[in-house]
Amino acid sequence: MTIEERIRDIEEEIKKTPYNKATQHHIGKLKAKLAQLKEDLIRKKSGKKGTGFSIRKSGDATVALVGFPSVGKSTLLNQLTDARSRVAEYDFTTLDVIPGMMDYKGAKIQILDIPGLIVGASSGRGRGKEILSIVRNSDLILILLDVNNPMHLETIERELYDVGIRLNQKRPRVSIKKIDRGGIRVSSTVSLGIDKKTIREILNMNGIHNAQVTIHEDINEDQLIDIVMKNRVYLPSIIALNKIDLIDDKKLEEIRSGIKKEVIQISAEKGLNLDKLKREIFKKLEIIRVYPKRHGQKPDRPLIMKRGSTVGDVCEKLHKEIKEKFKYAILSGKSARFDSQIVGLNHVLEDGDVLTIVRGR
Ligand SMILES: Nc1nc2c(ncn2[C@@H]2O[C@H](COP(=O)(O)OP(=O)(O)OP(=O)(O)O)[C@@H](O)[C@H]2O)c(=O)[nH]1
Ligand SMILES: [Mg+2]
């Protein structure tokens, strides 16, 4: 039996097995097996190396622009960034990953125009594997849809899911510590929908037979499989609906409400709502700007940091030595309780904060 056939068999069996307390552990086991087979398939099919795209991440954050052929990815890239990617009416105009840089509020945001070859990538077709590794390594996924084909969304999302990309989800708070003996021990701080037998089956399928499992939120078997498979990435995403200039408001509303998710309606060609899109990209990347300032001088250019960053993180970004000699920092801005507040390394910063670091010898 080929891997594809085994995958199909297991999918069939899952479909025809009713889900209840008595079958849950069996389904969990099947799903764990399925996850492994899908990974084997990608690995096997990815085959030849050496044709990799030579794209380096640069800037403060990277956005992967994905979508079917001809939805307007290159047009949008050219509008948002300094890039000049070729635009044409026929499909697959762009065959390489084209990078562009968008300057926004002092941040340099790299946008990668990903060729419209995403479908079938999870089964290793075409150059999908390489492309998806670029997508996996980005900080945000921008899904571009054409008003005439909004149903492509489902295919794109499924494809991303199948290669281990979880959109707009947080990694569940579960820890698995391997131990020498004693089997699978489960403790949880909340009541769980899945039972211990299911948890044990899933872990066993992945070669874990002795472990202390601590679960802090109610998870289903798919989420547990994600945790044990390890190579899952959790990324934010934005959906943009392009070419809205082609239809009237009534039709647009119909399409938008059919999508049932938050979408930004744009026209890349006519430049409609692009400011809104930029704002949303910035917001979803959870970027904050922190302004280091020397005593008695104006603030420098902002440092671009992840939301949740501390004074210590800023020191590290500036120079390793700064953190070692750090005494305290003088802070003004949104995270300060008052102007010129004295704060330590663990203080969490906000967008727009101005910071003077005082060092000892
Ligand atoms: N009316 C209209 N046409 C658009 C818009 N954006 C792009 N187009 C047109 O759609 C066609 C495809 O645009 P591209 O930017 O090349 O699309 P792509 O997604 O990069 O396509 P591939 O590189 O082939 O995957 C071109 O004819 C564009 O002029 C838009 O907002 N409105
Ligand atoms: Mg293109």
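Residues numbered from 1 in each chain as written. Chains lettered and ligands numbered in written order. Predicted model: local features only at pLDDT ≥ 70, side-chain atom pairs only at ≥ 80, totals over all residues. Heavy atoms only, no water.

Assignment of secondary structure puts T75 in helix α3 (residues 73–80). Among the residues examined, T75 registers a relative accessible area of 16% and is labelled buried. If near-sequence neighbours (up to four positions away) are discounted, T75 is found in contact with V87, A268 and E269. (Helix = DSSP H or I, 4+ residues; strand = E, 2+ residues; numbered from the N terminus. Buried < 20%, exposed > 50% of the residue type's maximum accessible area, 1.4 Å probe, protein only. Contact = heavy atoms within 4.5 Å.)

To continue, consider the side chain of D146. Tracing the backbone shows D146 in strand β4 (residues 140–146). For D146, a relative accessible area of 8% puts it in the buried group. Of the polar contacts made by the side chain of D146, one reaches the backbone nitrogen of N148; its length is 2.8 Å. Leaving out residues up to four positions away in the same chain, D146 has contacts with S70, V71, L241, N242 and K243. (Polar contact = N/O pair within 3.5 Å; in protein donor to acceptor, adjacent residues only side chain to side chain.)

All told, the structure shown has 19 salt bridges when counted by the stated rule. The shortest N-O distance in the salt bridge between E39 and R232 comes to 3.7 Å. Pair noted here: E39 is in helix α2 (residues 24–46) and R232 is in the loop between α7 (221–229) and β9 (233–235), with a separation of 193 residues, a long-range link. Each member of the pair, E39 as well as R232, is classed as buried. A single salt-bridge network, built from bridges that share partners, covers E39, R166, D226 and R232. (Salt bridge = Lys/Arg side-chain N within 4 Å of Asp/Glu carboxyl O.)

Let us now look at unusual backbone geometry. Positive phi values are uncommon outside glycine, yet K105 reaches one of about 45°. Since its relative accessible area comes to 41%, K105 is described here as partly exposed. The residue S340 is not glycine, and still its phi comes out positive at about 55°.

This part covers a positive patch on the surface. A cluster of basic residues, K105, K276, R279 and K334, forms a positive patch on the protein surface. With respect to the element layout, R279 can be found in helix α9 (residues 274–284). (Patch = residues over 30% accessible without salt bridge, like charges linked within 9 Å, V, L, I, M, F, W, Y side chains within 5 Å. Areas by Shrake-Rupley, 256 points an atom, 1.4 Å probe, with all protein chains shown as cover. Lys, Arg positive; Asp, Glu negative; His and termini not counted. Charge placed at Lys NZ, Arg CZ, Asp CG, Glu CD.)

All buried positions along α9 are accounted for by L274, L277, K278, E280, I281 and F282. Directly beyond the C-terminal end of α9, a positive phi value near 55° is found at E286.

Here we take up the packing of helix α6 (residues 196–205) against α7. At their nearest, the axes of α6 and α7 sit 10 Å apart, and the two run at 35° to each other. Considering how the two elements wind past one another, α6 and α7 form a crossing that is right-handed. Here α6 contributes T198, I199, I202 and L203 to the contact with α7, which in turn contributes E221, L224, I225 and V228. When grouped by side-chain class, the residues that make up the contact of α6 with α7 number 6 nonpolar, 1 polar and 1 charged. (Axes fitted to C-alpha atoms, helices over the stretch in contact; angles between N-to-C directions. Left-handed = near helix turned anticlockwise from the far one by under 90°. Nonpolar A, V, L, I, M, F, W, Y, C, P; charged D, E, K, R; others polar.)

On to the domain arrangement of the protein chain. Examined at the domain level, the protein chain breaks down into domain 1 (3–46 + 172–229), domain 2 (61–168 + 233–284) and domain 3 (288–359). Relative to domain 2, the C-alpha centre of domain 1 lies at a distance of 32 Å. (Domains from an automatic or database assignment.)

Right, let's get into the nonpolar core. Formed by 59 residues in total, the largest nonpolar core has its most connected members in L76, I109, V135, L277 and I281. For this core, the element with the most residues is β4, which contributes 6 residues. Non-local contacts of I281, meaning those with residues more than four positions away in its chain, are made with V63, L80, M102, I109, L140, L142 and I238. By size, the runner-up hydrophobic cluster in this structure holds 19 residues, among which are A32, I208, I219 and L224. (Core = buried A, V, L, I, M, F, W, Y, C linked by side-chain atoms within 4.5 Å.)

Taken as a whole, this structure holds 1 aromatic pair when the rule is applied. Here the aromatic rings of Y104 and F282 are separated by 5.5 Å at their centres, their planes lie at 65°, and the arrangement is edge-to-face. One end of the pair, Y104, is in strand β2 (residues 98–104); the other, F282, is in helix α9, with 178 residues separating them in the sequence. For the pair Y104 and F282, a shared accessibility class is recorded, and that class is buried. Its guanidinium or amino end placed over the ring of Y161, R166 lies 3.6 Å from that ring's centre, counting from NZ or CZ. (Phe/Tyr/Trp six-rings, centres within 6.5 Å; stacked < 30°, edge-to-face > 60°. Lys NZ or Arg CZ within 6 Å of the ring centre and 35° of its normal.)

Further remarks concern the packing of α3 against α9. At a minimum axis separation of 11 Å, α3 and α9 run at an interaxial angle of 80°. In terms of axis orientation, α3 runs roughly perpendicular to α9. Together, L76, Q79 and L80 of α3 and L274, L277, K278 and I281 of α9 make up the contact between the two elements. Here the contact of α3 with α9 is composed, by residue class, of 5 nonpolar, 1 polar and 1 charged. (Parallel < 35°, antiparallel > 145°, perpendicular 65-115°, else oblique.)

Moving on, we come to the sheet that holds strand β7 (residues 184–188). Taken together, the 3 strands give an open sheet; going across it, the order is β6-β8-β7, and neighbouring strands pair in mixed fashion. Either end of the sheet is taken by a strand with one partner, and the two such strands are β6 (174–178) and β7. Across this sheet, the average inter-strand angle for adjacent strands is 15°, counted without regard to direction. Here β7 pairs with strand β8 (residues 211–215) via 5 bridges, running parallel. When the bridges of β8 are listed, S188 appears paired with I215. Strands β6, β7 and β8 of the sheet are contacted by α6, whose axis makes an angle of about 130° with β7. (Pairing = 2+ DSSP bridges.)

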